[in-house]
Amino acid sequence: MRQAVIGAALLVAGAVCVALGLLPLTDLGELAARVLPVLGFVLGLTIVSELAADAGVFDRLADVAARIGGGRTIGLWGAVVVLAVVCTVFLSIDTTAVLLTPIVIALARRVGLPPMPFALTTVWLANTASLLLPVSNLTNLLAVDRIGLDGPLPFAGLMVWAALAGVVVPCAVLLVVFRGKLFGRYTPVEVRRPADPVFFGAASAVLVALVIALTVGVTVWVAALAAAVLLVVVAAFRAPSELKPSRVPWSTLVFAAGLFVVVETLHTTGITDPLVQAVSGGTGTGSLLLLGGAGAVSANVIDNLPAYLVLEPSAGHEALRYAALLIGVNAGCLITPWASLATLLWHARLSAEGVHLSWGRYMALGCVVAPLTVVAGILALRL
């Protein structure tokens, strides 16, 4: 609700800027052409992920992870790492933070293990593992056209080593922090049968088809909305009670739309120029570290999405600089609670599951893992 209120206020502020001529209608039209497909993708993917969770797809994946773990805690944690990375890469940061987190917590409790190491794994990897594909993070979708890469695979080719660092470094920190809890044994659980096999099968098929479509380069908003329509039709027959207006991510859409308009106005009026000029530069290691660091700091001050939008002009149409900025805002947003919307949503799910983690401890751990991940990611990018 708070996000929706802030988004509505931003939209009103944007409308005032347009009315006063601070944001010309031609610029507003160009902005709409850029961001409406992105918002369409967010809408479609959210609906697909929510209905797939209702069908039991993520529960099944968690049970399979428990079987793969083979009764060893470190094996189960490794399976959860793979599950979180795959979920983030192909289904976006929010799916991992919001939908996978409660399932992983429930899984840990089913096998008698402390849930915190697994819960922190999902939120860290939701952010840091979101570097590989355009669909992994909203910031990536905004950057991919600016970079000039044709399709998801060239984007992955640019980001692959940084994305690998974004997985390895947080996992190494988790192993050190929770070394006393990640080595032991548990009793494997049986794989549960879905309550509605037809709904489960349809949701699984739609999810697989969507992942393939997004990987081979189908227009992301078309693929996501088509998958959402298919799954809504199935749910109308198999689970009509799950089709509620509240499942539509209204607050996220309003917040993002308002944010786009306000930041575009700041660019148009030149207010952000001093900051952009301060971090402008070339593609040397020092310049990339400066830009990535600025992105990380800005993300922890004002959230990663506006941080990317504000600093985007400083990339100067250089692919490596866009990549460094993405590393900063995506892998560096692990310190403050508001640095990533996914983190706030994750903490809300954590509290709903009865798992307590103070923001003080979260921020202390973030001060360790965020700088290490950003520096490692940018150095890996130089490969």
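Rules and cut-offs
- Residues numbered from 1 in each chain as written.
- Predicted model: local features only at pLDDT ≥ 70, side-chain atom pairs only at ≥ 80, totals over all residues.
- Heavy atoms only, no water.
- Core = buried A, V, L, I, M, F, W, Y, C linked by side-chain atoms within 4.5 Å.
- Buried < 20%, exposed > 50% of the residue type's maximum accessible area, 1.4 Å probe, protein only.
- Helix = DSSP H or I, 4+ residues; strand = E, 2+ residues; numbered from the N terminus.
- Phe/Tyr/Trp six-rings, centres within 6.5 Å; stacked < 30°, edge-to-face > 60°.
- Patch = residues over 30% accessible without salt bridge, like charges linked within 9 Å, V, L, I, M, F, W, Y side chains within 5 Å.
- Areas by Shrake-Rupley, 256 points an atom, 1.4 Å probe, with all protein chains shown as cover.
- Salt bridge = Lys/Arg side-chain N within 4 Å of Asp/Glu carboxyl O.

A. The arrangement of the nonpolar core in detail. Membership of the largest hydrophobic core comes to 133 residues, with the highest contact counts inside it found for Leu76, Leu120, Trp124, Phe260, Tyr308, Ile327 and Trp346. The element best represented in this core is helix 2 (residues 25-54), accounting for twelve residues.

B. Structural detail: the packing of aromatic side chains. Scanning all chains against the criterion turns up two aromatic pairs. Ring centres of Trp346 and Tyr362 lie 5.9 Å apart, and the angle between their planes is 40°; on these two criteria the pair is classed as tilted. On the criterion of sequence distance, the pair formed by Trp346 in helix 16 (residues 341-352) and Tyr362 in helix 17 (residues 359-381) is long-range, its members being 16 residues apart. Considered together, Trp346 and Tyr362 belong to a single accessibility category, that of buried residues. Geometrically, the ring pair formed by Trp359 and Tyr362 is edge-to-face, given 5.4 Å between the ring centres and 85° between the ring planes. Linking Trp359 with Tyr362, this pair stays in helix 17, spanning three residues, or about one helical turn. Accessibility expressed as a relative area gives 25% for Trp359, which makes it partly exposed.

C. Structural context of the side chain of Thr272. You can see Thr272 is positioned in the loop between helix 11 (250-269) and helix 12 (273-278). Classification of Thr272 by relative accessible area gives buried; the value is 8%.

D. Region of interest: a nonpolar patch on the surface. Among the surface-exposed residues, Val160, Trp161, Leu164, Val168 and Leu383 lie close enough to one another that they form a single nonpolar patch of about 520 Å² accessible area. Structurally, Leu383 can be placed in the segment after helix 17.

E. Looking closely at the pattern of salt bridges. Using the criterion set out here, one finds six salt bridges in the structure. Between Asp63 and Arg110 there is a salt bridge, with its nearest N and O atoms 2.7 Å apart. Within this pair, whereas Asp63 is found in helix 3 (residues 57-68), its partner Arg110 is found in helix 5 (residues 93-110), the two being separated by 47 residues in sequence. By relative accessible area, which is 1% here, Asp63 ends up buried. One network of salt bridges, in which partners are shared, links Asp59, Asp63, Arg110 and Arg192.

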